[in-house]
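Listed here are the chains, written in short residue letters.
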Amino acid sequence: MLVHLSPERFVRLVADYRGENLWKFKNEDPMLILFTNNEHLFAKGLRDIYDPLHDSYPSLRTYEVIEHEDPDIARAYGIYTFPSTMFISATHEVHIMHGYLSADQVKTTIDQIIVR
């Protein structure tokens, strides 16, 4: 299930995006962060792809940042295309993909970047 990250939760769970530590991630488990720009337009289709990931990848933490509510987070990471997905491995390797992704694209990227 995608968990919404407010700025405070993002800083507590992911990284301090407000300064020089924006790429210093706090995760011990792999993470996926979905950046959207208007929750009600994409919610059903995106959730159909991202919510089932927990069953296939139990250690994967899945989050959502809604740009129109918290625009500074996306801007800090240079994300201006929505939706965009940030994949972060447990070793803090980052891969960002822009645009709509199919379920197969998401799973392939998780397998290549996060699980390997």
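Residues numbered from 1 in each chain as written. Predicted model: local features only at pLDDT ≥ 70, side-chain atom pairs only at ≥ 80, totals over all residues. Heavy atoms only, no water.

A. Here's a closer look at the nonpolar core. If you look at the biggest cluster of nonpolar residues, it comprises 20 residues, and the most contacted ones within it are Phe-10, Val-14, Phe-25, Ile-33, Phe-35, Tyr-77 and Met-86. Sorting the residues of this core by element identifies helix H1 (7–13), strand S2 (31–36), strand S3 (61–66), helix H4 (71–76) and strand S4 (84–88) as the ones contributing at least two each. If we ignore the near neighbours within four places in the chain, the residues touching Val-14 are Leu-5, Arg-9, Lys-24, Phe-25, Lys-26, Met-31, Ile-33 and Tyr-63. Grouped together as the second largest cluster of nonpolar side chains are 15 residues, Leu-2, Ile-49, Tyr-50 and Leu-60 included. (Core = buried A, V, L, I, M, F, W, Y, C linked by side-chain atoms within 4.5 Å. Buried < 20%, exposed > 50% of the residue type's maximum accessible area, 1.4 Å probe, protein only. Helix = DSSP H or I, 4+ residues; strand = E, 2+ residues; numbered from the N terminus. Contact = heavy atoms within 4.5 Å.)

B. Fine view of the packing of aromatic side chains. Taken as a whole and judged by the stated rule, the model has 5 aromatic pairs. For the ring pair Trp-23 and Phe-25, a centre distance of 6.1 Å and an interplane angle of 85 degrees mean the geometry is edge-to-face. Between Phe-25 and Tyr-77 the ring centres are 6.4 Å apart and the planes differ by 20 degrees, which places this aromatic pair in the stacked class. Residue Phe-25 is located in the loop between H1 and S2, and its partner Tyr-77 is located in the loop between H4 and S4; the two are separated by 52 residues in the primary sequence. (Phe/Tyr/Trp six-rings, centres within 6.5 Å; stacked < 30°, edge-to-face > 60°.)

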